[in-house]
Amino acid sequence: YTIRNIAKTYLKTIDKWCIKNGVKISALKIKTVLFTNPRKKYKYIPIELNNTKMALSNEVKYLGVILDNHLRWAPHINKKCQIATKLLMTCKKYVGKKWGLTPDKVKWIYHQVILPTLSYACFLWIHKTNKNKYLLRMLEKTQKMATLQITGGVRHNANNHT
């Protein structure tokens, strides 16, 4: 209740400033996230802005960082891996044995485009990869795909030794 009341007070202050400066806030676009312990249940009482209740969400994107309600980082890392994979697959379309991008150019694209995308805000979440092997495997899978494209290597199946 205390945090809710503080949030309401600041939201009223922001709303007054916006009205004074001709900026409109849409309560329908504002997300409310309760950052909580996953083992505890909390009762959520919606905060209202201009008689519109703000929706409760499990995650929010703030400055390109996806924060889920338990700060687990999996949604953020998963999204960044998906984006990096799409970029790598786009590069793959333009790589051939006798035509297209050379391995040096693919390496340049990896270092200048894909790696910054993948590691965005890593100072916030990198410590979790030591504790959560699932997060590390997601990153390693993307890294492996990039390495294969840069070296022109062939995917190897560990189960098939022929």
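In this text, all values refer to a predicted model and were calculated from it rather than measured experimentally. (Residues numbered from 1 in each chain as written. Predicted model: local features only at pLDDT ≥ 70, side-chain atom pairs only at ≥ 80, totals over all residues. Heavy atoms only, no water.)

### Things to note about the packing of helix α3 (residues 103-118) against helix α6 (residues 133-151)
This is how the line gets drawn: Lines fitted to C-alpha atoms define the axes here, with helix axes fitted over just the stretch in contact, and angles between the N-to-C directions of these axes take values from 0 to 180 degrees. The secondary structure listing takes helices from DSSP runs of H or I that are at least 4 residues long and strands from runs of E that are at least 2 residues long, numbered from the N terminus. Each angle is binned into one of four classes, with values under 35 degrees roughly parallel, values over 145 roughly antiparallel, values of 65 to 115 roughly perpendicular, and all other values oblique. Working rule for handedness: look at the near helix, and if it is turned counterclockwise from the far one by less than a right angle, call the crossing left-handed; if clockwise, right-handed. Throughout, a residue-residue contact means that at least one pair of heavy atoms, one from each residue, lies within 4.5 Å. Residues are grouped as follows: Ala, Val, Leu, Ile, Met, Phe, Trp, Tyr, Cys and Pro are nonpolar; Asp, Glu, Lys and Arg are charged; every other residue, Gly included, is polar.
Remark: α3 packs on α6, axes separated minimally by 9 Å, with the N-to-C direction vectors making an angle of 160°. Here α3 is positioned roughly antiparallel relative to α6, judged by the angle of their axes. Crossing hand, α3 versus α6: right-handed. Residues P103, V106, K107, Y110 and L118 of α3 form the contact with α6, whose participating residues are L139, T142, Q143, A146, Q149 and I150. Here the residues of the contact of α3 with α6 are counted per class, giving seven nonpolar, three polar and one charged.

### Details of the side chain of Q149
To be explicit about the condition: Remark: exposure states derive from per-residue accessible area (1.4 Å probe, protein chains only) relative to the maximum for the residue type, with buried under 20%, exposed over 50%, and partly exposed in between. The definition of a polar contact used here is a pair of N or O atoms within 3.5 Å, where within protein one atom must be able to donate a hydrogen and the other to accept one, and adjacent residues in sequence count solely through side-chain atom pairs.
By the secondary structure assignment, Q149 is in helix α6. Assessed through its relative accessible area of 12%, Q149 is described here as buried. A distance of 2.9 Å separates a polar side-chain atom of Q149 from the backbone oxygen of L88.

### A few points about α6
The line we're drawing: By definition here, a helix of n residues has an expected span of 1.5 Å times n minus one. Read the arc as the range of directions from the helix axis to the C-beta atoms.
An ideal rise of 1.5 Å per residue puts 27 Å on 19 residues; α6 measures up with 26 Å between its terminal C-alpha atoms. Among all positions of α6, only L135, M138, L139, T142, A146, Q149 and I150 are buried. Buried residues along α6 cover an arc of 110° about the axis, so they all sit on one side. Exposed and facing more than 90 degrees away from the buried side of α6 are R137, K141 and T151. Elements that come into contact with the buried residues of α6 comprise α2 (74-93), α3, α4 (122-125) and α5 (128-131). A distance of 3.0 Å separates the backbone nitrogen of Y134 from a side-chain oxygen at the start of α6, and that oxygen is part of N132.

### Quick word on the side chain of T129
Structurally, the position occupied by T129 is in helix α5. Since its relative accessible area comes to 5%, T129 is described here as buried. T129 has contacts with L135, L136 and L139, leaving out every residue within four places of it along the chain.

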